[in-house]
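What follows is the residue order along each chain.
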Amino acid sequence: MVNFDQLYSDRAGKMRKSEIRELLKVTQDPEIISFAGGLPNPLSFPIQDLKIIVQNVLNNHGKVALQYGATQGINELREAIAERSHKEGMTSGASAENVMITSGSQQALDAVGKIFLNPGDIALVGLPSYLGGINAFRSYEANLVGIPLDKEGMQVDLLEEKIKELIAQDMSVKFIYTIPTFQNPAGTVMPESRRKKLIDVAHEYNLVIIEDDPYGKLRYDIPAIKPIKAFDDEGRVIYMSTFSKILAPGLRLAWIIAPDDVMRKLALCKQAQDLCTAPFSQYIAHEFMKSGSMDLHIMKICEMYKPKRDIMMHSMKKYFPEGYICNKPKGGMFAWVTLPEQIDTEAMFLDAFKEKVAYVHGKAFCVDGGGGSSMRLNFSYSTNEQLDTGMKRLGAVIERKMKVLCR
Ligand SMILES: Cc1ncc(COP(=O)(O)O)c(C=O)c1O
């Protein structure tokens with residue numbers, strides 16, 4: 001038998017199991033109604049359109065689409081993304097040369113971790129924050145420090161206090177990781193004034209802002225809000241977004257926008273990661289954008305998800321015992337629920353699992369070990385019937401737990 005433990009790097013030893021991946025495994029059972037994963041609804045995938053597009057790609061671009069491609073991505077797609085970004089307010093520092101196509105945003109998160117973080121460096125993240133980001137940065141042995149969120153996202157005054165404190169202790173603070181629009185998992189939206197303040201703070205202490213924006217287009221009740229990158233006139237914000245939630249995650253296609261200097265490092269990093277993002281996927285996405293279907297498609301997704309969000313919120317009111325807190329998310333795919341503090345949502349998961357309903361417990365998203373009575377519920381994946389039934393099951397589990405605890 002090979003003793004791999006003796007051979008692994010220290011880094012590999014420190015890598016942790018992804019709680020979400022573990023949970024997704026148990027929720028494969030078709031009888032379980034899962035609010036756990038961050039999955040788009042498969043009925044939203046434009047399969048008929050893609051059948052035609054795939055044919056066209058093979059007919060018109062087969063020889064290049066099936067070949068290795070440029071590390072930064074195919075020009076056509078980078079240009080189309082640069083044009084969209086410009087329309088969204090990113091008027092400087094977002095030309096095609098500043099765009100790199102990645103194999104999902106997850107790869108982009110790994111790459112920023114790789115190019116910025118030495119072991120022990122500080123990365124500032126939201127409390128709560130996206131688990132995949134946390135895991136990516138941890139794999140570079142970073143020290144993750146959490147900044148509490150309120151209804152308007154990361155609290156920038158607390159952020160500044162924390163930065164001062166860390167710098168006074170001679171700590172090496174590198175970047176602020178934020179998901180300002182329909183945050184995963186909390187669903188919050190950072191208002192424009194706070195976005196600008198965040199840039200000021202990053203400027204003051206010479207930090208990079210990593211803006212992760214997979215959900216910005218999935219808007220149900222509020223007008224579009226400009227990304228933080230739109231207020232960045234010195235190239236301090238590294239922006240990323242993905243086709244995963246607006247087209248299909250199976251394409252494994254996302255993009256990162258970064259200033260020239262950082263882009264050179266990212267390209268070197270990507271060469272070691274996977275040489276290039278699948279050109280076949282890139283041509284498919286580009287054809288889809290070129291056909292003019294993108295905006296209409298996003299509208300259809302929003303039309304599908306908004307009622308799902310409403311059913312989840314309505315069922316929560318109907319079936320959950322009093323004492324929970326949940327702000328109605330105005331977009332995205334998640335509701336963040338906080339139960340009375342006696343309830344440990346990690347321990348309650350087994351009870352929920354027995355009742356065939358699943359969620360992700362809040363602690364998984366909190367680098368300070370908090371979030372113990374919170375949970376993240378996904379509303380995009382389930383059918384409308386499952387949403388109601390699942391919330392009913394979950395409400396009963398919580399009610400029982402509360403009765404036991406209050407006895
Ligand atoms: C905040 C956030 N960032 C990044 C990702 C990764 O997305 P991708 O499928 O593009 O790798 C996700 C996926 O759920 C996410 O929620």
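Residues numbered from 1 in each chain as written. Predicted model: local features only at pLDDT ≥ 70, side-chain atom pairs only at ≥ 80, totals over all residues. Heavy atoms only, no water.

> What exactly am I supposed to notice about the site of the ligand here?
Close contacts around the ligand come from 13 residues, with Ser105, Asp212, Tyr215, Thr242 and Ser244 the closest. The separation between an oxygen atom of the ligand and a polar side-chain atom of tyrosine 215 is 2.5 Å. Summarising the interface, the protein chains cover 92% of the accessible area of the ligand, which totals 390 Å² for the free molecule. Along the lines of polarity and charge, the residues of the shell around the ligand split into four nonpolar, six polar and three charged. (Near = heavy atom within 4 Å. Polar contact = N/O pair within 3.5 Å; in protein donor to acceptor, adjacent residues only side chain to side chain. Areas by Shrake-Rupley, 256 points an atom, 1.4 Å probe, with all protein chains shown as cover. Nonpolar A, V, L, I, M, F, W, Y, C, P; charged D, E, K, R; others polar.)

> Explanation requested: a nonpolar patch on the surface in the structure shown.
Side chains of Val2, Phe4, Leu7 and Tyr8 sit close together on the surface and give an oily, nonpolar patch of about 450 Å² of accessible area. One can find phenylalanine 4 in the segment before helix H1 (10-14). (Patch = residues over 30% accessible without salt bridge, like charges linked within 9 Å, V, L, I, M, F, W, Y side chains within 5 Å. Salt bridge = Lys/Arg side-chain N within 4 Å of Asp/Glu carboxyl O. Helix = DSSP H or I, 4+ residues; strand = E, 2+ residues; numbered from the N terminus.)

> Would you take a moment to explain helix H13 (residues 384-406) for this structure?
One full turn of an α-helix is made of 3.6 residues, so residues set three or four places apart face in the same direction. With 23 residues, H13 ought to run about 33 Å at 1.5 Å a step, and its terminal C-alpha atoms sit 33 Å apart, in line with that. Listed in full, the buried residues belonging to H13 are Leu387, Gly390, Met391, Leu394, Gly395, Val397, Ile398 and Met402. The inward-facing, buried residues of H13 contact strand S1 (33-34), helix H11 (294-319), helix H12 (345-354), strand S11 (357-358) and strand S13 (374-378). (Expected span 1.5 Å × (residues − 1). Buried < 20%, exposed > 50% of the residue type's maximum accessible area, 1.4 Å probe, protein only. Contact = heavy atoms within 4.5 Å.)

> I tried to follow unusual backbone geometry on my own but got confused; where do I start?
Leaving glycine aside, a negative phi is the common case for residues, and trans is the common case for peptide bonds. Put simply, leucine 127 and proline 128 share a cis peptide bond, and its omega is 5 degrees. Tracing the chain through its elements places proline 128 in the loop between strand S3 (122-127) and helix H6 (131-138). Note the cis peptide between asparagine 184 and proline 185, where omega equals 15 degrees. Considering the arrangement of structural elements, one finds proline 185 in the loop between strand S6 (173-178) and helix H8 (192-204). Look at aspartate 170: it is not a glycine, yet its phi comes out positive at around 65 degrees. You can see aspartate 170 is positioned in the loop between helix H7 (156-168) and S6. Owing to a relative accessible area of 72%, aspartate 170 belongs among the exposed residues under this scheme. Here the phi dihedral of phenylalanine 182 falls at roughly 55 degrees; this positive angle occurs in a residue that is not glycine. Mapped onto the elements of the fold, phenylalanine 182 is located in the loop between S6 and H8. We classify phenylalanine 182 as buried; its relative accessible area is 1%.

> How do you make sense of the domain arrangement of the chain when you look at a structure like this?
Accessible area lost upon the coming together of the parts serves often as the stated size of an interface. Domain annotation for the chain reports domain 1 (4-46 + 296-406) and domain 2 (67-290). Between domain 1 and domain 2, the contact holds 35 residues from the first and 35 residues from the second. In this assembly, domain 1 packs against domain 2 so that about 3000 Å² is buried in total across both faces, 67% of it on carbon and sulfur atoms. The interface formed by domain 1 and domain 2 holds three salt bridges in total. With its nearest N and O atoms 3.9 Å apart, the salt bridge here joins aspartate 221 to lysine 306. Counting the contacts that link domain 1 with domain 2 gives eight residue pairs in polar contact (both at pLDDT 80 or more). Within the residue set of the side of domain 1 that touches domain 2, elements represented by two or more residues are H1, helix H2 (19-26), H11 and strand S10 (334-338). Here the side of domain 1 that touches domain 2 gets seven residues from one element, more than from any other, and that element is H11. Looking at the side of domain 1 that touches domain 2 residue by residue, the class counts come to 19 nonpolar, six polar and 10 charged. (Domains from an automatic or database assignment. Buried area = accessible area lost by both parts, 1.4 Å probe.)

> Could you clarify how one ought to interpret the sheet that holds strand S12 (residues 360-361) in this entry?
The strands that make up a sheet are held in pairs by hydrogen bonds between backbone atoms, and each pair lies either parallel or antiparallel. Reading across from one edge, S10-S13-S12 is the order of the three strands in this open sheet, with antiparallel pairing throughout. The sheet is open, and its two borders are formed by S10 and S12, each paired with just one other strand. Bridge analysis of S12 against S13 gives two bridges, and the strand direction is antiparallel. Looking at the pairing, valine 360 lines up with arginine 376 of S13. (Pairing = 2+ DSSP bridges.)

> Just checking my understanding: could you explain the side chain of serine 139 for this structure?
In this fold, serine 139 is placed in the loop between H6 and strand S4 (143-150). Here the side chain of serine 139 touches alanine 136 through a polar contact of 2.7 Å, landing on its backbone oxygen. In contact with serine 139, not counting residues within four places along its chain, are Arg11, Met15 and Asp110.

> Explanation requested: the nonpolar core in the structure shown.
If you look at soluble globular proteins, the nonpolar side chains tend to sit buried side by side. Counting residues in hydrophobic clusters, the biggest one holds 98 residues, and the most contacted among them are Leu124, Leu159, Phe243, Met316 and Leu377. The greatest single-element share of this core, amounting to nine residues, is contributed by H11. Residue-level mapping places this core at the junction of two domains, with at least three residues from each of domain 1 (4-46 + 296-406) and domain 2 (67-290). Ignoring sequence-local partners within four residues, the contact set of leucine 377 consists of Phe35, Met312, Met316, Met333, Phe334, Ala335, Val337, Tyr359, Met391 and Leu394. (Core = buried A, V, L, I, M, F, W, Y, C linked by side-chain atoms within 4.5 Å.)

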